[in-house]
Amino acid sequence: MATTAQATDLVIERIFDAPRALVWRAWTDAKHFQQWFGPKVFTVPNCTIDFREGGKYLFAFMDPEGKKIWVTGTYETIRPMEFVEYTDCFADEQGNMVGPAHYGFGDAMPTIMRVSLTFEDLGAKTKMTLRHGEFQSAEMVEMTKASWNESFEKLDVSLR
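These numbers were taken from a predicted model, which means no experiment stands behind them.

Caption draft 1: Local environment of the sheet that holds strand S5 (residues 83-91). If you trace the seven strands from one edge of the open sheet to the other, you get S1-S7-S6-S5-S4-S3-S2, paired in antiparallel fashion. Sheet topology places strand S1 (10-16) and strand S2 (43-49) at the edges, where each strand pairs with a single neighbour. Taking each pair of neighbouring strands and ignoring which way they run, the sheet shows an average axis angle of 20 degrees. Taken together, the nine bridges between strand S6 (residues 113-122) and strand S7 (residues 125-133) define a ladder with antiparallel strand orientation. Looking across to S7, one finds that Thr118 is bridged to Thr129. Contacting S1, S2, strand S4 (68-79), S5, S6 and S7, helix H2 (residues 20-28) crosses the sheet at an angle of about 160 degrees to S6. Helix-sheet contacts for helix H4 (residues 138-158) involve S1, S5 and S7, and the interaxial angle to S1 is about 15 degrees.

Here is what the cut-offs are and how they apply
Residues numbered from 1 in each chain as written. Predicted model: local features only at pLDDT ≥ 70, side-chain atom pairs only at ≥ 80, totals over all residues. Heavy atoms only, no water. Pairing = 2+ DSSP bridges. Helix = DSSP H or I, 4+ residues; strand = E, 2+ residues; numbered from the N terminus. Axes fitted to C-alpha atoms, helices over the stretch in contact; angles between N-to-C directions. Contact = heavy atoms within 4.5 Å.

This is the structure in structure tokens:
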């Protein structure tokens, strides 16, 4: 029988052919982040990152029609080059938290979610593990998994 954590948490492991310092920078440097984040057809035209415990990030990802979805959160735990945990929620352009319904997601997602990242050296490569939790449905887990995987394909290209 599946536990609640298994049913509502998303875990993705990826191995990148890049040193850990470069993969880390892809998450912590706004200009690098803008190069890869979001599903294939999305861009990130706006991004600010205050990468410190208690610091916030705010970015918009934009679809091909020009619709922006703003996202914000707070970095809660940072162990340089090893681990990051942060909150994740939808926002307006000023960085004020809004519910998922603001962007048409209804009640399928909680207002605030948690994301953690672990980075490990594998010689010249880096193993990265993402844990994105607290989903309300398996459908949202699958949709979010597809979105992350498309982002990570773009990340892989940006690391070359």
